[in-house]
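Here are the chains, one letter per residue:
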Amino acid sequence: MFQSQSAANFTGQIFVMNLKIFNYLGQWGTPTVSVSAVFGMLAGVLASIVESVGDYYACAKLAGAPPPPVHALNRGRY
């Protein structure tokens, strides 16, 4: 499959992970926050909430069960 001198041939090699590296807060500088990033994340969260409510109805329909009551829809979001 791979040639013996290929860069993708890793047979016989042992990879050792360096465990002495510790990440710490601010390692790459001060975090930056932009308005577009905040609104983008908010849009993703809202889309996830809407999709999870739709999933309850879709799963109930596929299983042949009655749709879940309205008061039970928010149980899986938190």
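Before going into details, it helps to say that this report is about the structure given with it. Quantities reported herein were computed from a predicted structural model and do not represent experimental measurements.

## Looking at the overall build of the chain
Helix and strand counts for the chain stand at one helix and zero strands. Buried residues in the chain amount to 4% of all 78 residues. Summed over its atoms, the accessible surface of the chain is roughly 7500 Å², and 66% of this surface lies on carbon and sulfur atoms.

## Focus: helix α1 (residues 35-63)
Residues spaced three or four apart along an α-helix face the same direction, because each turn holds 3.6 residues. End to end, α1 covers 42 Å across 29 residues, agreeing with the expected 42 Å (1.5 Å per residue, within 8%). Following α1 by one or two positions, Gly64 adopts a phi angle in the positive range, close to 75 degrees.

## Details of a nonpolar patch on the surface
Among the surface-exposed residues, Val35, Phe39, Leu42 and Leu46 lie close enough to one another that they form a single nonpolar patch of about 420 Å² accessible area. In this fold, Leu42 is placed in helix α1.

What counts, and at which threshold
- Residues numbered from 1 in each chain as written.
- Predicted model: local features only at pLDDT ≥ 70, side-chain atom pairs only at ≥ 80, totals over all residues.
- Heavy atoms only, no water.
- Helix = DSSP H or I, 4+ residues; strand = E, 2+ residues; numbered from the N terminus.
- Buried < 20%, exposed > 50% of the residue type's maximum accessible area, 1.4 Å probe, protein only.
- Areas by Shrake-Rupley, 256 points an atom, 1.4 Å probe, with all protein chains shown as cover.
- Expected span 1.5 Å × (residues − 1).
- Patch = residues over 30% accessible without salt bridge, like charges linked within 9 Å, V, L, I, M, F, W, Y side chains within 5 Å.
- Salt bridge = Lys/Arg side-chain N within 4 Å of Asp/Glu carboxyl O.

Functional significance is not addressed by these values, which are geometric in nature.
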